Amino acid sequence: MTTSSLSLSLHPSIHEIGHADWNACAGTDNPFTSFAFLSALEDSGCVGGRSGWLAQHVRLRDDAGTTVAVIPCYAKAHSLGEYVFDHAWAQALERIGKQYYPKLQVSVPFTPVPGPRLLTRAGFPFAAPAQALIQICQMLEMSSVHVTFCTEAEAHALAAQGFLLRIGQQFHWHNAGYAGFDDFLDALRAPKRKAIRRERRDAMSSGLTFSTLRGADISTHHWDAFYRFYRSTSDRKWGSPYLKRAFFTLLAERLENAVVMMVAERHGEPIAAALNLLGHDALYGRNWGSDENIPFLHFELCYYRAIDFAIEHKLARVEAGAQGEHKIQRGYLPTTTWSAHWIAHAGLAGAVAGFLEEERSAMHSFMHELGQASPFRRDSAE
């Protein structure tokens, strides 16, 4: 296929594009769009097969044959594992006798982490990849294209091509150049500062040993325990886990020191852990689980130790994901996330556009209210 002077191709595996060409476009800032992460999902069987995630990765090449853009893209037979919910849209289209699935999903599977989705070499504009997605959707006779958790710049570029914009919110901690955790606490109002100190003290007095492990320091024993925690958490929340044990082995091998695990042990045996990935300027909290219900252990492993790590390594932020307004009181403030949607059926597109306009207004109001609950001091006298 061609689009303007570019050649467009689809690939059922990221390996057809290759490590060098993919990362030349993806860069190294965000681990989730790296060849290492996405290939680990494929090679472990988390996507493909009967998962309902069939890779249709997009590649754009110029006249010289140079890969100028790639897009992590999947044909979806359902709306699971996306975290931007469109079930009502599917039901609306199916009520009038049309098929919503398959649809085209541009995302990192099972991962609600914001980041680039139209992966381009430096200076290459987003317009061509955006147009290519519409062309693919029409050619494959799919109902829609969904670019989820993209950057704001990508969202506006997609809107210029007719995509509908949707916003959401997550909770991120931002590093104001803190010298240490106590320096961060000094920026909080006194009651919040005291509450966090109490929570950390209580978690640390539980008789557990805490450690932060990276790369090769995370043993098979740790991964086996972590997967047990992950399965337990998944069973409670979603009913079935998306990620397989083999994925974590490949993740450790391919991302090495970008993998950061906060572990709590009792007598040398892991009883809880939180998994993070390290980007260029951020620590991304991913999964957590525990064998024991210990007060404040979740906060210690997932939030406070992540802040410790970010301060020590001079990272700009910690991204703690969606949900959980309790994160605000621990310094993680609401942050806007973006997605963009192109719907082939004109009637459904019009209805969704109206819904999204109302949803954006409600979301802005909601985030404003959340922001009022900030634990940070408003003046130096507090």
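Colleague: In this structure, what is going on with the overall build of the protein? I would like to understand it.
Modeller: Secondary structure assignment for the protein yields eleven helices and 16 strands. Relative to its length of 382 residues, the protein is compact, with a C-alpha radius of gyration of 22 Å against a globular reference of 21 Å. Along the first, second and third principal axes, the C-alpha set of the protein runs to 60 × 45 × 40 Å. Contacts in the protein between residues far apart in sequence, at least 24 positions, make up 75% of those at least 6 positions apart. With the model as given, the accessible surface of the protein reaches about 16300 Å², and the carbon-plus-sulfur share is 52%. Taken as two groups, the 36 positive and 39 negative side-chain charges of the protein have centres that lie 4 Å from each other.

Colleague: Before we go on, may I ask you to explain the layout of surface pockets in this structure?
Modeller: Taking a probe equal in size to a water molecule and rolling it over the atoms shows the remaining empty space. Within this model, the largest pocket holds a volume of roughly 1300 Å³. Tyr83, Pro112, Gly321, Ala322 and Gln323 are the residues nearest the centre of the largest pocket, which is lined by 48 residues in total. Of all the elements in the fold, those that place two or more residues in the lining of the largest pocket are strand S10 (164-174), helix H8 (220-237), strand S13 (269-278), strand S14 (282-290), helix H10 (297-312), strand S16 (333-343) and helix H11 (346-371). Broken down by class, the residue content of the lining of the largest pocket amounts to 24 nonpolar, 17 polar and seven charged. In this structure, the second largest pocket encloses a volume near 340 Å³. Taken together, 18 residues form the lining of the second largest pocket, with Pro114, Gly115, Thr151, Arg317 and Glu319 sitting closest to its centre. Among the elements that make up the lining of the second largest pocket, the one with the highest residue count is S16 (four residues). Taken together, the residues that form the lining of the second largest pocket break down as five nonpolar, eight polar and five charged.

Colleague: What's the story with the packing of aromatic side chains in this structure? I'm lost.
Modeller: Geometry of an aromatic ring pair is reported as the spacing of the ring centres plus the angle between the planes. Within the structure shown, the criterion is met by 23 aromatic pairs. Considering the side-chain rings of Phe32 and Phe37, the 5.1 Å spacing of their centres and the 70 degrees angle between planes classify their relative orientation as edge-to-face. Geometrically, the ring pair formed by Tyr303 and Tyr332 is tilted, given 5.4 Å between the ring centres and 50 degrees between the ring planes. Residue Tyr303 is located in helix H10, and its partner Tyr332 is located in the loop between strand S15 (317-319) and S16; the two are separated by 29 residues in the primary sequence. By the burial criterion, Tyr303 is buried, and Tyr332 matches it. Through a chain of ring-to-ring contacts, the aromatic side chains of Phe32, Phe37, Trp223, Phe226, Tyr227, Tyr230, Phe247, Phe248 and Tyr284 assemble into a single cluster. Positioned over the ring face of Trp53 is Lys76, at 3.9 Å from the centre of the ring. In this structure, Arg330 is placed above the aromatic ring of Phe299, and the distance from its NZ or CZ to the ring centre is 3.9 Å.

Colleague: Explain the side chain of Ser144 here, please?
Modeller: Looking at where Ser144 falls in the secondary structure, it is placed in strand S9 (residues 144-150). Accessibility expressed as a relative area gives 0% for Ser144, which makes it buried. A polar atom in the side chain of Ser144 sits 2.7 Å from the side chain of His146. Not counting the four nearest positions on each side in its chain, Ser144 is found in contact with Tyr100, Lys103, Leu104, Cys137, Trp342 and Ile343.

Colleague: Is there a simple way to think about the sheet that holds S13 in this case?
Modeller: Hydrogen bonds between backbone groups are what pair the strands of a sheet, and the pairing can be parallel or antiparallel. Spatially, S3-S6-S7-S9-S16-S10-S15-S14-S13-S12-S11 is the arrangement adopted by the eleven strands of the open sheet, whose pairing is mixed. The sheet is open, and its two edges are formed by strand S3 (53-55) and strand S11 (209-214), each paired on a single side. Neighbouring strand axes in the sheet, compared pairwise and without regard to direction, differ in orientation by 30 degrees on average.

Colleague: For this particular structure, what's the right way to read empty space enclosed by the protein?
Modeller: Taken as a whole, this structure holds two cavities of 30 Å³ or more when the rule is applied. In this structure, the largest cavity spans a volume of roughly 70 Å³. Considering the residues around the largest cavity, the lining is formed by 13 residues, among which Phe37, Leu243, Phe247, Arg286 and Asn287 are closest to the centre. Secondary-structure elements contributing two or more residues to the lining of the largest cavity are helix H2 (35-43), helix H9 (245-255), S13 and S14. Ranked by residue count, the leading element in the lining of the largest cavity is H9, at three residues. By residue class, the composition of the lining of the largest cavity is ten nonpolar, two polar and one charged.

Colleague: Sorry, what's going on with unusual backbone geometry here?
Modeller: The phi torsion of most residues other than glycine is negative, and most of the peptide bonds are trans. Residue Tyr101 is joined to Pro102 through a cis peptide bond whose omega torsion reads 5 degrees. In this fold, Pro102 is placed in the loop between helix H3 (87-95) and strand S7 (103-106). Its identity is not glycine, yet Tyr83 carries a phi of approximately 70 degrees, on the positive side. Overall, Tyr83 belongs to the partly exposed group, its relative accessible area being 29%. One non-glycine residue, Glu141, lies in the positive phi region at around 55 degrees. Examined against the element boundaries, Glu141 turns out to sit in the loop between helix H4 (127-139) and S9.

Definitions and cut-offs
- Residue numbers restart at each chain and count upward from 1, following the sequence in its written direction.
- Where local features are concerned, this predicted model is filtered to residues with pLDDT of at least 70; where side-chain atom pairs are given and counted, the filter is 80 or more; whole-chain, interface and lining totals use all residues.
- Side-chain measures here rest on the full set of heavy atoms in the structure, leaving out hydrogens and waters.
- Comment: elements are numbered from the N terminus, with helices defined as DSSP H or I runs of at least four residues and strands as E runs of at least two.
- Our radius of gyration is a C-alpha quantity, and the globule rule it is checked against amounts to 2.2 Å times the number of residues to the power 0.38.
- Residue contacts are counted whenever heavy atoms from the two residues lie within 4.5 Å of one another.
- Accessible surface is estimated by sampling points in the Shrake-Rupley manner with a 1.4 Å probe; for residues, cover comes only from the protein chains shown.
- His is not counted, nor are the chain ends, whereas Lys and Arg count as positive and Asp and Glu as negative.
- Taken as the charge centre is NZ of Lys, CZ of Arg, CG of Asp or CD of Glu, depending on the residue.
- Cavities and pockets are found on a 1 Å grid laid over the protein atoms alone: a cavity is a set of points where a 1.4 Å probe fits but cannot escape, a pocket is an open set with protein on both sides within 12 Å along at least five of seven lines, and a lining residue has an atom within 4 Å of such a point.
- Grid points are joined across faces, edges and corners, and a volume is the space filled by probe spheres set on the points.
- Each residue receives one of three labels: charged for Asp, Glu, Lys and Arg, nonpolar for Ala, Val, Leu, Ile, Met, Phe, Trp, Tyr, Cys and Pro, and polar for the others, Gly being one of them.
- Ring pairs shown here join Phe, Tyr and Trp side chains whose ring centres sit within 6.5 Å, with only the six-membered ring taken for Trp; geometry is labelled stacked below 30 degrees between planes, edge-to-face above 60, and tilted in between.
- The buried label goes to any residue with under 20% of its type's maximum accessible area, the exposed label to any with over 50%, and the partly exposed label to all in between, with areas taken from a 1.4 Å probe on protein chains only.
- Two conditions define a charge sitting above a ring: the NZ of Lys or the CZ of Arg must be within 6 Å of the ring centre, and it must be within 35 degrees of the ring normal.
- N or O atoms closer than or at 3.5 Å make up a polar contact, with two conditions inside protein: a donor-capable atom paired with an acceptor-capable one, and, for residues adjacent in sequence, both atoms drawn from side chains.
- Strand pairing is assigned whenever DSSP detects at least two bridges linking the two strands.
- To get an axis, fit a line to the C-alpha atoms, keeping to the stretch in contact for a helix; angles then go from 0 to 180 degrees between the N-to-C directions.

The quantities given are spatial measurements derived from coordinates; they are silent on function.
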